[in-house]
Amino acid sequence: MELRQLLYFVAVVEEANFTRAAERLHVAQPGVSAQIRRLERELGQPLLDRSGRSVRTTEVGEAVLPYARAALAAAAGARQAVAEFTGLLRGRVALGLVPGALGHAIDVPRLLAGFHTAHPEVEVSLAEDTSERMLTALRRGELDIAVAGLADGDPPGVGFTVVVDEPLVAAVAPGHPLLEVCTGAAPLPPAALRGHPLISLPVGTGVRGVLDRICADAGFRPRIAFEAAAPDALLRLAERGLGVAVLPRPETGTRLRTLRIDDARARGRVALAWRTDGPAGPAARELLRRLHRALPGPAGPADGGGSGSVAPS
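Since the structure is predicted, the reported quantities are computational estimates derived from the model, not experimental observations.

So, the environment of V32
Part 1 of the reasoning: Relative to the elements of secondary structure, V32 occurs in helix α3 (residues 29-43).
Part 2 of the reasoning: The spatial distance from the C-alpha of V32 to the C-alpha of F9 is 8.2 Å, given a sequence separation of 23 residues.
Part 3 of the reasoning: Non-local contacts of V32, meaning those with residues more than four positions away in its chain, are made with Y8, V12, F18, A22 and V27.

Looking at helix α9 (residues 231-239)
Part 1 of the reasoning: Restricting attention to buried positions, one finds in α9 the residues A233, L234, L235 and A238.
Part 2 of the reasoning: In this structure, the buried side of α9 is in contact with β6 (158-172), β7 (198-200) and β9 (244-248).
Part 3 of the reasoning: One or two residues past the end of α9 sits G241, with phi positive at roughly 75 degrees.

Description of the environment of Q35
Part 1 of the reasoning: You can see Q35 is positioned in helix α3.
Part 2 of the reasoning: The residues contacting Q35, other than those within four sequence positions of it, are E2, R4, Q5 and Y8.

Remarks on the packing of helix α1 (residues 3-15) against α3
The description of two helices packed together rests on the angle between their axes and the distance between the axes.
Part 1 of the reasoning: Where α1 contacts α3, the axes come no closer than 9 Å and their chain directions differ by 110 degrees. As summarised for this structure, α1 and α3 are arranged roughly perpendicular, according to the angle between their axes. Contact residues: α1 offers R4, Q5, L6, Y8, F9 and V12, while α3 offers G31, V32, Q35, I36, R38, L39 and E42.
Part 2 of the reasoning: Here the residues of the contact of α1 with α3 sort into seven nonpolar, three polar and three charged.

Quick look at the nonpolar core
Part 1 of the reasoning: Counting residues in each nonpolar core, the largest one holds 34 residues, and the members touching the most others are L178, L188 and L193.
Part 2 of the reasoning: Apart from the residues lying within four places of it in its own chain, the contact partners of L188 are A170, L178, V181, C182, L193, L259, R260, I261 and D262.

Some points on the pattern of salt bridges
Part 1 of the reasoning: Counted according to the given criterion, the structure contains 23 salt bridges.
Part 2 of the reasoning: One salt bridge in this structure joins R269 and D154, with 3.9 Å as the shortest N-O distance. Remark: D154 occurs in the loop between β5 (145-150) and β6 and R269 occurs in strand β11 (residues 267-275); sequence separation between them is 115 residues.
Part 3 of the reasoning: Of the residues examined, R269 reaches a relative accessible area of 17% and is grouped as buried.
Part 4 of the reasoning: When salt bridges that share partners are traced, they join E14, E15, R20, R24, R69, R140 and E142 into one network.

The rules behind these values
- Residues numbered from 1 in each chain as written.
- Predicted model: local features only at pLDDT ≥ 70, side-chain atom pairs only at ≥ 80, totals over all residues.
- Heavy atoms only, no water.
- Helix = DSSP H or I, 4+ residues; strand = E, 2+ residues; numbered from the N terminus.
- Contact = heavy atoms within 4.5 Å.
- Buried < 20%, exposed > 50% of the residue type's maximum accessible area, 1.4 Å probe, protein only.
- Axes fitted to C-alpha atoms, helices over the stretch in contact; angles between N-to-C directions.
- Parallel < 35°, antiparallel > 145°, perpendicular 65-115°, else oblique.
- Nonpolar A, V, L, I, M, F, W, Y, C, P; charged D, E, K, R; others polar.
- Core = buried A, V, L, I, M, F, W, Y, C linked by side-chain atoms within 4.5 Å.
- Salt bridge = Lys/Arg side-chain N within 4 Å of Asp/Glu carboxyl O.

In structure tokens:
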């Protein structure tokens, strides 16, 4: 029995699919199938039911699963103990980033360059994805650290420090009908967005989760005309008169008019996030410490940042 076989088995169970498990592990799908079949032959029992559209554990597989996870955790712990004993930082750190989320809060490339100079044996992998998928990957242990948007409420199983917290606004071109709804500095009621084509971040982002929630509470489903992953793209679409861009308050330099949305939950929050029990490896913990030290002002490690968060030691 090899750790690789147990790793493949756990991945297939969690993904309920051989192809997705292979993509997650960055290996060829036939290799995953072959290794799991070898494991089943060694144990003398099928571990997976392959008869349906999705792969499920057999009764034996369900009994084996916690032991497989424990073995993988023990192996990771042994590697960590050796690394800490020798004082050498090696291995790999998986970091997830929301596109453009921290452009004005942390210079991530500069920080990674400094980290690489100090610890050249550590491989850092970067991934961009929606906040929802990155937070799930954190809980699964597929990511060590993430910079992710937060929807309404705090994500379970995740420690975090809020680094961006801005009110959501409706950005419209001059002459848009919504400008007649708000006079002076009056905020925009969420119900006023009903029926208007909206330009939003994709499903799975924190801002989109907030938008969907406040619209549902106002009694309607938002009419999403365009989606884009970067806030700058939302602004460019709105400048062309293609709809109402809903996003955190933008920097100056646009001809758009911005209307603050009248709901206390209508905020765009971006957080530096990690599993509640902390990253597993010493390299990831060191990178997380450096990220915290790079945070400006009160979001730094002195007070732990956002609500309910604790900066790792």
